Amino acid sequence: MASQGQSLDPFDLAILRELQRDSTRSIEDLAALVNLSRNACWRRIKLLEEAGVIRARVALVEASKVNAGLTVLIRIRTSQHSAKWAEAFRDTVRALPEIVGAYRTSGEVDYILRARVPDVAAYDRLYQRLIARIDMVDVAASFVMEEIKDTTEVPLGYA
């Protein structure tokens, strides 16, 4: 069973696979799917939560149904790499709800942001707020034309 520092066994992995697909299942249904008793399944879920393996149970919202159907990938280059600038950048990104993903990267681009907005005009307003709060050398955006794959499931074949 998973706890801090221990590896995941096949039952833990099965539970995680099923919860990633549908976290609304009852404990009884989940236990049956992974071949455990209800109590054993519940205990394992609690241990996975306590160990931080399961961070949250959430609803996945269809972005187009809530007027956030345009995905924008924003590439940022900066000439500043101080701790103070990085903290200000993190604070700025976290304060902008349209930004749903932020990644510090290697290579020519320092950061890639993923934003969800209704349209190009909304992206421009986000862009204006972003550049007003933080100095950057270059900001470039790509608008996603087609989402081929977008999943929240973490691959478990490495555990």
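Residues numbered from 1 in each chain as written. Predicted model: local features only at pLDDT ≥ 70, side-chain atom pairs only at ≥ 80, totals over all residues. Heavy atoms only, no water.

You'll find the chain entered in an unreviewed UniProt entry as AsnC family transcriptional regulator, with Bosea psychrotolerans given as the organism.

(A) The UniProt feature "domain: HTH asnC-type" (unreviewed entry) in the chain, seen in detail. Mapped onto this structure's residue numbering, the UniProt feature "domain: HTH asnC-type" (unreviewed entry) falls at residues 8-71. A distance of 34 Å separates the end C-alpha atoms of residues 8-71, which is 52% helix and 3% strand. (UniProt positions renumbered as here; feature names shortened; annotations may be inferred. Helix = DSSP H or I, 4+ residues; strand = E, 2+ residues; numbered from the N terminus.)

(B) Local environment of the domain arrangement of the chain. Under the domain assignment, the chain is made up of domain 1 (10-51) and domain 2 (63-143). When each unit is reduced to the centre of its C-alpha atoms, the spacing between domain 1 and domain 2 is 36 Å. (Domains from an automatic or database assignment.)

(C) The sheet that holds strand S4 (residues 138-143), seen in detail. One open sheet holds the four strands; their spatial order is S2-S3-S1-S4, and the pairing between them is antiparallel. Of all the strands in the sheet, the pair left with one neighbour each is strand S2 (99-104) and S4. Looking at each pair of strands side by side, their axes are set apart by 20 degrees on average, direction ignored. Strand contacts of helix H4 (residues 83-95): strand S1 (70-77), S2 and strand S3 (111-117), with the helix running at about 15 degrees to S3, the strand carrying the most contacts. (Pairing = 2+ DSSP bridges. Axes fitted to C-alpha atoms, helices over the stretch in contact; angles between N-to-C directions. Contact = heavy atoms within 4.5 Å.)

(D) Examining the packing of aromatic side chains more closely. The final tally for this structure, using the stated rule, is five aromatic pairs. Ring geometry for Trp85 against Tyr111: centres 5.8 Å apart, planes inclined by 45 degrees, an arrangement best described as tilted. Of this pair, Trp85 sits in helix H4 while Tyr111 sits in strand S3, and the two are 26 residues apart along the sequence. This pair shows no difference in class: Trp85 is buried, exactly as Tyr111 is. Ring geometry for Tyr123 against Phe143: centres 5.5 Å apart, planes inclined by 85 degrees, an arrangement best described as edge-to-face. Here Tyr123 is found in helix H5 (residues 120-133), whereas its partner Phe143 is found in strand S4, with 20 residues between them in sequence. The exposure class assigned to Tyr123 is buried, which follows from its relative accessible area of 9%. An aromatic cluster is built from Trp85, Phe89 and Tyr111, whose rings are joined through pairwise contacts. (Phe/Tyr/Trp six-rings, centres within 6.5 Å; stacked < 30°, edge-to-face > 60°. Buried < 20%, exposed > 50% of the residue type's maximum accessible area, 1.4 Å probe, protein only.)

(E) Up close: unusual backbone geometry. Positive phi outside glycine occurs at Asn35, with the angle close to 60 degrees. One can find Asn35 in the loop between helix H2 (27-34) and helix H3 (38-50). Residue classification places Asn35 among the exposed residues on the basis of a relative accessible area of 66%. The backbone of Asn67 sits at a positive phi, close to 60 degrees, despite the residue not being glycine. Mapped onto the elements, Asn67 comes out in the loop between H3 and S1. Looking at Asn67, the relative accessible area reads 55%, which means it is exposed.

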